[in-house]
Structure formats: C-alpha cells, structure tokens
Amino acid sequence: PLVPTLDIPRSDRASLSILTAARSDELAGSADDRGYGLFTYHLLKGLQGAALEGRPGALTLEALHSYVQKNVHADARRQNREQTPQIYSPSFGLTLR
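Residues numbered from 1 in each chain as written. Predicted model: local features only at pLDDT ≥ 70, side-chain atom pairs only at ≥ 80, totals over all residues. Heavy atoms only, no water.

### Considerations on the pattern of salt bridges
Rules: Basic side-chain nitrogens of Lys or Arg form a salt bridge, by our definition, when they fall within 4 Å of a carboxyl oxygen of Asp or Glu. Classification of residues uses two cut-offs on accessible area relative to the type maximum, computed with a 1.4 Å probe and protein chains only: under 20% is buried, over 50% is exposed, and between them is partly exposed.
Taken as a whole and judged by the stated rule, the model has seven salt bridges. In this structure, the salt-bridge partner of E26 is R23, at a minimum N-O distance of 3.8 Å. The buried category is assigned to E26, whose relative accessible area is 16%. One salt bridge in this structure joins R55 and E53, with 3.7 Å as the shortest N-O distance. Accessibility expressed as a relative area gives 44% for R55, which makes it partly exposed. Classification of E53 as partly exposed rests on a relative accessible area of 42%. Via salt bridges that share partners, R23, D25 and E26 belong to a single interconnected network.

### Quick look at the environment of A21
Basically, it comes down to this: Working definition: helices are DSSP H or I runs of at least four residues, strands are E runs of at least two. Numbering for both runs from the N terminus. Note on contacts: a residue pair qualifies if any of its non-hydrogen atoms lie within 4.5 Å across the two residues.
Positionally, A21 belongs in the loop between β1 (18-20) and β2 (30-31). C-alpha of A21 to C-alpha of Q86: the two residues are 65 residues apart in sequence and 6.8 Å apart in space. Setting aside chain neighbours within four positions, we find A21 in contact with A28, F39, Q83, T84 and P85.

### A word on helix α2 (residues 61-78)
To keep it simple, the criterion reads: Each helix should span, by expectation, one fewer than its residue count multiplied by 1.5 Å.
Look at α2: 26 Å from first C-alpha to last across 18 residues, which is about the 26 Å you get at 1.5 Å a residue. Those residues of α2 not exposed but buried are A63, L64, H65, Y67, V68, V72, D75 and A76. The secondary structure elements touched by the buried residues of α2 are β1, α1 (38-47) and β4 (86-88). Directly after α2, the chain includes N80, whose backbone phi takes a positive value near 65°.

### Looking at the packing of aromatic side chains
Keep this limit in mind: Centres within 6.5 Å make a pair out of two Phe, Tyr or Trp rings, where for Trp the six-membered ring is used; the pair is then stacked when the planes are under 30 degrees apart, edge-to-face when over 60, and tilted otherwise. Look at NZ for Lys and CZ for Arg. If either is within 6 Å of the ring centre and within 35 degrees of the ring normal, a charge sits over the ring.
One pass over the structure, following the stated rule, counts zero aromatic pairs. Over the face of the ring belonging to Y41 we find R34, whose NZ or CZ atom lies 4.5 Å from the ring centre.

Following this line, the structure appears as structure tokens:
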C-alpha cells in the first residue's frame, strides 16, 4: 500500500490535532456495503452526532475519537483483522514524533 508522509514544522505542531484511520503497522479497511472506509464511515457518523451517544452538549475531539476508535475496532474485528484509529493532539499530551 501507499503510505503518505507529511513533514510538519515544529512551530505548527502545538496547535495541530490529527486523527488517523489506523496505527502505522495496520491497514485501513473498507465497509463496502456502506460506501466508505471503516474510519470515514464512523467519523462521519460521529460528526453527525452519534459520538455524543445521547448526551447533550458540544462534540469534543476526545468524544469523537473515542466513538470512532471503538466502532472501527469492533467492525474490523468482525472482518477478522485489526484496525485501531489513533489521535495525535497536544491537548491530550500526545505529540507528533
């Protein structure tokens, strides 16, 4: 598979959050019956409000990531493989290497 890379200047990293579809040693899978990849499908569902899981309030990056990771991981397991969305965000103390 093609693996794109991106060099981000250190000065820009303090305000950048990145959600990825899978860990670096995993392949991102598709949900053919849904017309998207697993990550994109659950990301869009989460942005449409599913990540709030019935709780009122504003959607946070942490809640979105939690929702996406849980659902992508479960769907990938049903396909008998691993896929674990990741987050890199200074607000969670996670930084780009």
